[in-house]
Every structure is written in structure tokens, then in C-alpha cells.
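Observations on the three-dimensional arrangement
Next come the chains, spelled out residue by residue.
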Amino acid sequence: MRLPTHKRLMIFSGSANRGLAEEVAAALGMKLGEVEVSSFASSETYIRFSESVRGSDALVIQSHVDPVDHHVMEQLLMIDALKRASAKRITAVAPFYPYSRQDRKARGREPIAAKMLADFYKAAGADRLLSVDLHTGQIQGFFDAPFDHLTALPLLADHLAESLKDDLVIVSPDAGGVRLADKWAEYLGDFHGLNGQVAFLHKRRRHEARNVSETLRVVGEVKDRVCLMVDDMIDTAGTITNGAESLKAAGAAEVLAAATHPVLSGPGVDRLKNAPIEQVVVTNTLPVPPEKQLDKLMVLSIAPTIAQTIKAVFEEESVSELFHGENQR
Ligand code: R5P
């Protein structure tokens, strides 16, 4: 007996950033699937899908925002429930990959948390992962199955290009981000005819404290230039604001900033408000609630980028071509 096979796409959202998941579903002409998410008195999470998922190509979108561990667990439980309810293929969509900065043992007796998270996704039942601008591209290798790595670079760069000129310097706030700054320079040159130089800041982190860094010096020519600082994330905004101050002290005419993930923890918003930065452009891989919004903070939607990728994967077409290869880094 031969049965016809029909692929059925279903998109579900965790509780962290439902607005983004709704936008993704709408861009695909769909509605989000129904799932009950609640908590026991003890704080344990309860999940139940309200409709059949049997045979579906199911995606679970979750943003890993504070409290990160809770949101990770919620997504893992949804994946486990989908597996046990016979979904055919399960994709975990983690626009901001959790624990991405713990991607190696920088010192003895530390975990490699980003690898452990990939193992969790696999154990729960994820067949694929989809994420945007990983802290380091190697994280893809932690997950032993297809990993769609998207980039927000074209989205951010196309938005900023309108107000940029050739007196531009793309600045990485640390030596590790020079490759990203190079990518920006190449993209702005190739797609907007802008001839930007690249500079970087020599940054040092303190081992004994998390999220504490100091900028030591500017490497490159920035005097009287417009400086665009590019990074994967803004967390407490220490990196970007220290960097902006160093650039101004070195004679920069104006400082702008672009980053994919607006983590904006603790003092992040106040620091951005008071920093000598004219405009900060980010995406909504993580939600930016009203109390974190600032006039100088522009949030662009990553939903169309995620939706295009989901469509390409579902229709078995190339994902790299959507990004002109910019996602391969
Ligand atoms: C570091 O390697 C990252 O790319 C970011 O620069 C850093 O995590 C930002 O953190 P914060 O905003 O707390 O300085």
C-alpha cells in the first residue's frame, strides 16, 4: 500500500517573545499553533499541545531572555512533547543562542555550556537548530545535525547605509570581532558603494567578575571620522559605551552602534542613554520591552529573515543564497 505524504508546517511559540513568533507566522501566512504553558506551584513548567502535531514539520520559537534557564527549559519541554506526540521533524528556533559566550574552557574547571545546550536540544528531540549571529560560528559544530545560521548583517547594514558616507570607520569593540567588522566593510562596499575602513579596540575582561571590561586603546585611524561600532550583542553595554568613549577621546566625529541581540541587562539601558553614541540599531531576536526603549535605540524586526529561512528549509531550497553567503562565518 502506498500512502500520499503531505508536509504540514506548524509553528509554536515559547512565552518569552510571542510577538516575534507571531510576526514570523504572519510572514508565512500562518497562525501560531495552540500550546498550553503553565507552572506548578513549585515553579516546574507544564506543557501541552492543544491540537494534533502528528506528522508535522514543527518549529518551536523561543527567545532566551531573563530568566534564561526557565526559557530554555520551556523550549526543551515543548520539543520533548512534540517528539512524544509524533511530530515528524522538530526545529528549535533560538534567535539568540543561550549560553553562547561559554563556548570553550577559557580557564580550568569551567563548563562548555554552549555545547551542553546543544546536547540538551538533541536529547529533547530537536532535528534541526536555527539561530541568528552566533557569538562564534563554531557553535554550529556542537549540534550534530543541521544548523541554520542566519545573519542580521544585511538587515542592520541596509538600514544604516542611508545615513552613512565614505568617511566611515567600522569599529570592532574587541580584537575577536575584527572579522565581523571586515564583513560589514565588505557588505557596505559591495551593496552600497561605501568605502569604509576597519579599526578595533583593545579590550580586556576581568576574570574575577562577569560582564566587566575595560577598553585600553584604539587601533586604527578614527580622528574626524564617523565610527560605526558593530558587535553581536549588547548586554550591560559596558563594551559598547567604553568603546564609544575611547573613540570620542581619539577624535571620532560621531559614534553609531549596531548589534544583533539587545540583551540589555542591568545598567545597559542607562549606559546607552548616557553614552556618546548618536544611534544604536538592534533587532528583536530578544524582546525590548517599553521600559527599555530609548529614542536613540532603533529595533528592526528579524521576523522576515527567519520566515524566509523557514520557507527555504521547508521547500528544501538553499539558505546560504538568502544571505549571499554572509551567514558563513
Ligand atoms: C563579547 O565578546 C561580546 O561580543 C560582547 O561584546 C559582550 O558580550 C557585550 O557585553 P556587555 O554589553 O555586557 O559589555
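Computed from a predicted model, the values in this text were never measured in an experiment.

What follows covers the site of the ligand. Among the 15 residues in the neighbourhood of the ligand, the closest are listed as Asp231, Asp232, Thr236, Ala237 and Thr239. Taking Asp231, its side chain carries an N or O atom lying 2.5 Å from an oxygen atom of the ligand. Asp232 is positioned such that a nitrogen or oxygen atom in its side chain is 2.6 Å from an oxygen atom of the ligand. Isolated, the ligand exposes 370 Å² of accessible area, and the fraction of that covered by the protein chains is 93%. Contributions of two or more residues to the shell around the ligand are made by β9 (197-205), β11 (226-234) and α6 (238-249).

Between its first and last C-alpha, α6 extends 16 Å over 12 residues, near the 16 Å set by a 1.5 Å rise per residue. Restricting attention to buried positions, one finds in α6 the residues Gly238, Thr239, Ile240, Thr241, Gly243, Ala244, Ser246 and Leu247. Count one or two residues on from α6 and you reach Gly251, which has phi positive near 100°.

Residue Pro67 is reached from Asp66 by a cis peptide bond, and omega for that bond is 0°. Mapped onto the secondary structure, Pro67 falls in the loop between β4 (57-61) and α2 (68-84). At Ala237, a position not held by glycine, the phi torsion is positive, near 65°. Checked against the element boundaries, Ala237 lands in the loop between β11 and α6.

Our focus in this paragraph is the packing of helix α1 (residues 18-27) against helix α8 (residues 303-314). The geometry of a pair of packed helices is captured by two quantities: the angle between their axes and the separation between those axes. Put simply, α1 and α8 touch, their axes get as near as 8 Å, and they point 50° apart. In terms of axis orientation, α1 runs oblique to α8. As α1 packs across α8, the resulting crossing turns out to be right-handed. Contacts from Leu20, Glu23, Val24 and Ala27 in α1 reach Ala303, Ile306, Ala307 and Ile310 in α8. Here the residues of the contact of α1 with α8 are counted per class, giving 7 nonpolar, no polar and 1 charged.

As a rule of thumb, nonpolar side chains are buried together in soluble globular proteins. If you look at the biggest cluster of nonpolar residues, it comprises 46 residues, and the most contacted ones within it are Val24, Ile170, Trp184, Leu188, Leu228 and Ile306. Here this core takes 7 residues from α8, the largest share from any one element. Domain assignment of the residues forming this core places at least three in each of domain 1 (9-152 + 304-323) and domain 2 (153-300). When neighbours within four sequence positions are excluded, Val24 is seen to be in contact with Ile11, Ile61, Ala303, Ile306, Ala307 and Ile310. In this structure, Val72, Leu76, Met78 and Leu82 belong to the second largest nonpolar core, which totals 30 residues.

With that settled, consider the domain arrangement of the protein. On domain assignment, one finds that the protein holds domain 1 (9-152 + 304-323) and domain 2 (153-300). A straight line from the C-alpha centre of domain 1 to that of domain 2 covers 27 Å. Tallying the contact residues gives 17 residues for domain 1 and 18 residues for domain 2. In total, about 1,500 Å² of surface goes out of reach between domain 1 and domain 2, with carbon and sulfur atoms giving 57% of it. Considering only the side of domain 1, the residues that lose the most area to domain 2 are Phe96, Arg101 and Ala152, jointly responsible for 38% of the buried surface there. Joining domain 1 to domain 2, the criterion identifies 1 salt bridge. In this structure, Asp235 engages Arg101 in a salt bridge whose closest nitrogen and oxygen atoms are separated by 2.9 Å. Where domain 1 packs against domain 2, one counts 11 residue pairs in polar contact (both at pLDDT 80 or more). Across the side of domain 1 that touches domain 2, the residue classes break down as 7 nonpolar, 6 polar and 4 charged.

Scanning all chains against the criterion turns up 12 salt bridges. Here Asp80 and Arg84 are joined by a salt bridge, their closest N and O atoms 2.7 Å apart. With a gap of 4 residues between them, Asp80 and Arg84 both fall in helix α2, about one helical turn apart. Taking relative accessible area as the criterion, Arg84 reaches 62% and is therefore assigned exposed. In this structure, the salt-bridge partner of Glu315 is Lys311, at a minimum N-O distance of 3.3 Å. Each member of the salt-bridge network shares a partner with another, and the members are Asp80, Lys83 and Arg84.

Basis of the calculations
- Residues numbered from 1 in each chain as written.
- Predicted model: local features only at pLDDT ≥ 70, side-chain atom pairs only at ≥ 80, totals over all residues.
- Heavy atoms only, no water.
- Near = heavy atom within 4 Å.
- Polar contact = N/O pair within 3.5 Å; in protein donor to acceptor, adjacent residues only side chain to side chain.
- Areas by Shrake-Rupley, 256 points an atom, 1.4 Å probe, with all protein chains shown as cover.
- Helix = DSSP H or I, 4+ residues; strand = E, 2+ residues; numbered from the N terminus.
- Expected span 1.5 Å × (residues − 1).
- Buried < 20%, exposed > 50% of the residue type's maximum accessible area, 1.4 Å probe, protein only.
- Axes fitted to C-alpha atoms, helices over the stretch in contact; angles between N-to-C directions.
- Parallel < 35°, antiparallel > 145°, perpendicular 65-115°, else oblique.
- Left-handed = near helix turned anticlockwise from the far one by under 90°.
- Contact = heavy atoms within 4.5 Å.
- Nonpolar A, V, L, I, M, F, W, Y, C, P; charged D, E, K, R; others polar.
- Core = buried A, V, L, I, M, F, W, Y, C linked by side-chain atoms within 4.5 Å.
- Domains from an automatic or database assignment.
- Buried area = accessible area lost by both parts, 1.4 Å probe.
- Salt bridge = Lys/Arg side-chain N within 4 Å of Asp/Glu carboxyl O.

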